[in-house]
Amino acid sequence: MRVDHLIAGKAVAGSEYFETVNPATQEVLAEVASGGEAEVNAAVAAAKEAFPKWAGLPAPERAKLVRKLGDLIAQHVPEIAQTETNDCGQVIAQTGKQLIPRAADNFYYFAEMCTRVDGHTYPTPTHLNYTLFHPVGVCALISPWNVPFMTATWKVAPCLAFGNTAVLKMSELSPLTAARLGELALEAGIPPGVLNLVHGYGKEAGEPLVAHPDVRAISFTGSTATGNRIVKSAGLKKFSMELGGKSPFVIFEDADLDRALDAAVFMIFSNNGERCTAGSRILVQQSIYADFAAKFAERARRIAVGDPLDEKTIVGPMISQAHLAKVRSYIELGPKEGATLLCGGLDAPANLPERVQRGNYVMPTVFADVDNRMKIAQDEIFGPVACLIPFRDESHAIALANDIPYGLSSYVWTENIGRAHRVAAAVEAGMCFVNSQNVRDLRQPFGGTKASGTGREGGTWSYEVFCEPKNVAVSM
Ligand code: NAD
């Protein structure tokens, strides 16, 4: 199979191609066009040309087309889920039942929302001030390889619904489902040039895109290192940066332990541990630490590792051999730093089905006796590796939770309502879930603080990057 760029509604061949590989089998899935400055310039020009007409459509008409794209995604869930699972190793139970259906919801939600954009009024005795929200123009949308389709649609839906046009660049490791999104957008009747896709590597395709003078806004999801590079090269543009995380999952001795265990296991091992909001630092009060550690490791040992196309599989392969090597390097480091390996480790999973025996697998791994200053606790491993860290009391828990460069998500488990609110207020993170795993509502502000990024997306928070507010002051 060959996958080309999509520019002005047409498939555009690349001057070079790269291979995208199934991480479960190492089979080459497709040859994908590798773009550079020329393709980026053509795509931005197409988006710029399409902008006035698209922005000028009455919102209900844009909404109809955006909703239709949601319908087409909903009709193709099994096909898109299978492609996504093959391309990035996310298990089919997640892609088929949650991630791809949620992508359709992104279009439904923002189709509705764009018809309800309102402003503010600030009347004074001498002037009436009111706010208009305009579309921004051409937006660069850049996506990572974990949950690629959901993340791409989370950007494309508000971007297009609010009247902008887009150049989307997916990760070179997981480009296939977005290529399908481009086709479905045209089938939905979204005019050529409104959504363009340039495939390729960060340096060759990503850099010229974010630096392009006709790009007015950047919505980026990816690593903190790349986010830092982009804000330096982008110049004066609106942007939202959704970056890495190492989120604390804090469990007090009065928590509902069974529910906390279920949620803790889910938040580090689902999505293969390749999740920005993973609860990868599990802080447990000393009085329940030994009991929790034993029960947590017991559950981790029972997690089904295997073929990501099997509905029963919980942990599939890591995205690439390079990423597998990175995750394994941290598993090797843990005991050297003084952590105790409770389960998992460097051995390959036993009894993998024949089809996936060459996959990039790692066992769900649990380290106990972790000190928050260890590298395994400070670095984003981005794999199924949990660090269990003991704490004494509330102030110690807060200090440990905040002793990290990142600030994306956080989780607090306690039956003490006052403590829940105090910790939620004190934790340095963009999001805090109390007695809950990560549950997404499209109205919430999604994003992080510190090294986890800047800007929020979701609901009216998406105005920040995809709308330009204007104040009009009328003399009375
Ligand atoms: P990455 O930063 O390596 O790449 C992300 C995207 O940026 C890719 O499309 C890549 O090609 C592109 N890119 C790379 N260099 C670029 C440059 N100089 N200019 C422009 N684009 C460039 O990240 P990744 O490894 O694909 O993804 C994993 C990371 O993403 C993790 O750190 C994870 O926490 C983070 N993430 C964050 C969120 C969030 O919402 N905060 C969600 C998912 C993933």
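Residues numbered from 1 in each chain as written. Predicted model: local features only at pLDDT ≥ 70, side-chain atom pairs only at ≥ 80, totals over all residues.

> Outline the overall build of the protein chain, supporting the account with residue identities and numerical values.
A count of helical and extended segments in the protein chain gives 15 helices and 23 strands. For 476 residues, the compact-globule estimate of 2.2 N^0.38 gives 23 Å, and the protein chain sits close to it at 23 Å. The dimensions of the protein chain, computed from C-alpha atoms along their principal axes, are 65 × 65 × 40 Å. Counting every position in the protein chain, which comprises 476 residues, the buried fraction comes to 54%. (Helix = DSSP H or I, 4+ residues; strand = E, 2+ residues; numbered from the N terminus. Rg over C-alpha atoms; globule rule 2.2 N^0.38 Å. Buried ≥ 20, exposed ≤ 12 C-beta atoms within 10 Å, placed from the backbone.)

> Pulling in residues and values, what's your account of the sheet that holds strand β5 (residues 28–33)?
In spatial order, the strands read β1-β5-β4; together these 3 strands make up an open sheet with mixed pairing. Here the strands that pair on one side only, and so sit at the sheet edges, are β1 (2–3) and β4 (17–21). Bridging between β4 and β5 involves 5 bridges; their strand directions are antiparallel. Across the sheet, residue Val21 finds its bridge partner in β5, namely Val28. (Pairing = 2+ DSSP bridges.)

> Mind laying out the sheet that holds strand β14 (residues 281–285), listing which residues take part and the relevant values?
Taken together, 7 strands build an open sheet; the order of strands is β15-β16-β17-β14-β13-β19-β20 and the sheet is mixed. Where the open sheet ends on each side, the last strands, each with one partner, are β15 (340–343) and β20 (433–434). As judged from the 3 bridges shared by strand β13 (residues 248–251) and strand β19 (residues 411–413), these two strands associate in the parallel manner. Bridge pairing in β19 places Ile251 opposite Trp413. Helix α11 (residues 321–337) rests against β15, β16 (365–368) and β17 (385–391) of the sheet, and its axis sits at about 35 degrees to β17. (Contact = placed C-beta atoms within 7 Å. Axes fitted to C-alpha atoms, helices over the stretch in contact; angles between N-to-C directions.)

> Lay out the packing of helix α2 (residues 59–75) against helix α4 (residues 92–114) in plain terms, naming residues and giving numbers.
Viewed as axis vectors pointing N to C, α2 and α4 meet at an angle of 170 degrees, and their least axial separation amounts to 8 Å. Considering their axes alone, α2 and α4 lie roughly antiparallel with respect to each other. Where α2 approaches α4, its residues Ala59, Arg62, Ala63, Val66, Arg67, Leu69, Gly70, Ile73 and Ala74 are matched on the opposing element by Ile100, Pro101, Ala103, Ala104, Phe107, Tyr108, Phe110, Ala111 and Cys114. Split into classes, the residues belonging to the contact of α2 with α4 amount to 15 nonpolar, 1 polar and 2 charged. (Parallel < 35°, antiparallel > 145°, perpendicular 65-115°, else oblique. Nonpolar A, V, L, I, M, F, W, Y, C, P; charged D, E, K, R; others polar.)

> Tell me about the site of the ligand, and please be specific about residues and values.
Residues in contact with the ligand amount to 33 residues; listed here are only the nearest, Pro144, Gly202, Gly206, Gly222 and Thr226. Of all the elements in the fold, those that place two or more residues in the shell around the ligand are α7 (202–211) and α8 (224–234). In terms of residue count, the dominant contributor to the shell around the ligand is α7 (5 residues). Looking at the shell around the ligand residue by residue, the class counts come to 11 nonpolar, 15 polar and 7 charged. (Near = placed C-beta within 6 Å.)

> Requested: an account of the nonpolar core, with residues and values cited.
Residues Leu283 and Leu388 are the most contacted members of the largest nonpolar core, which totals 152 residues. With 12 residues, α4 is the largest single contributor of residues to this core. If we ignore the near neighbours within four places in the chain, the residues touching Leu388 are Ile282, Val284, Ala293, Phe296, Val366, Phe367, Ala368 and Val370. (Core = buried A, V, L, I, M, F, W, Y, C linked by C-beta atoms within 7 Å.)

> Could you give me a rundown of the pairing of β5, with the residues and numbers involved?
Alignment of β1 against β5, held across 2 bridges, turns out to be parallel. Within the sheet, the bridge partner assigned to Arg2 lies in β5 and is Glu31. Linkage of β4 to β5, two consecutive antiparallel strands, is achieved through a turn of 6 residues, within which Gln26 is found at a positive phi near 70 degrees.

> Explain the confidence of the model for the protein chain to me, using residue names and the numbers behind them.
Residues of the protein chain with pLDDT of at least 70 account for 100%, and the chain-wide mean is 97. The element-level mean pLDDT for the protein chain is lowest in helix α15 (residues 463–466), coming to 95, with strand β9 (residues 165–169) highest at 99. (pLDDT = per-residue confidence, 0-100.)

> Requested: an account of unusual backbone geometry, with residues and values cited.
Here Ala8, not a glycine, exhibits a phi torsion of approximately 55 degrees, which is positive. Looking at where Ala8 falls in the secondary structure, it is placed in the loop between β2 (5–7) and β3 (10–12). At Asn271, a residue that is not glycine, the phi angle is positive and equals roughly 50 degrees.

> How would you sum up the environment of Val21? Please name residues and give values.
Structurally, Val21 is set in strand β4. Its 19 C-beta neighbours within 10 Å are what place Val21 among the partly exposed residues. Distance from Val21 to Ile319, taken between C-alpha atoms, is 9.1 Å for residues 298 residues apart in sequence. The contacts of Val21, once residues within four sequence positions are left out, are Gln26, Glu27, Val28 and Leu29.

> Report on the pairing of strand β8 (residues 138–142), specifying residues and quantitative values.
For β8, the tally of buried residues reaches 5 of 5 residues, placing the bulk of the element in the interior. Side chains Val138, Ala140 and Ile142 of β8 all project onto a buried face; the interleaved residues Cys139 and Leu141 project onto the opposite face, where all are buried too. Where β8 and β9 come together, 5 bridges link them in parallel fashion. Its bridge partner lying in β9, Leu141 is registered against Leu168. In terms of handedness, the path from β8 via helix α5 (residues 148–161) over to β9 forms a crossover that is right-handed. Two elements, β8 and strand β11 (residues 215–221), share 5 bridges in a ladder whose sense is parallel. Within the sheet, the bridge partner assigned to Ala140 lies in β11 and is Ile218. (Right-handed = clockwise from strand over helix to strand, strands pointing away.)

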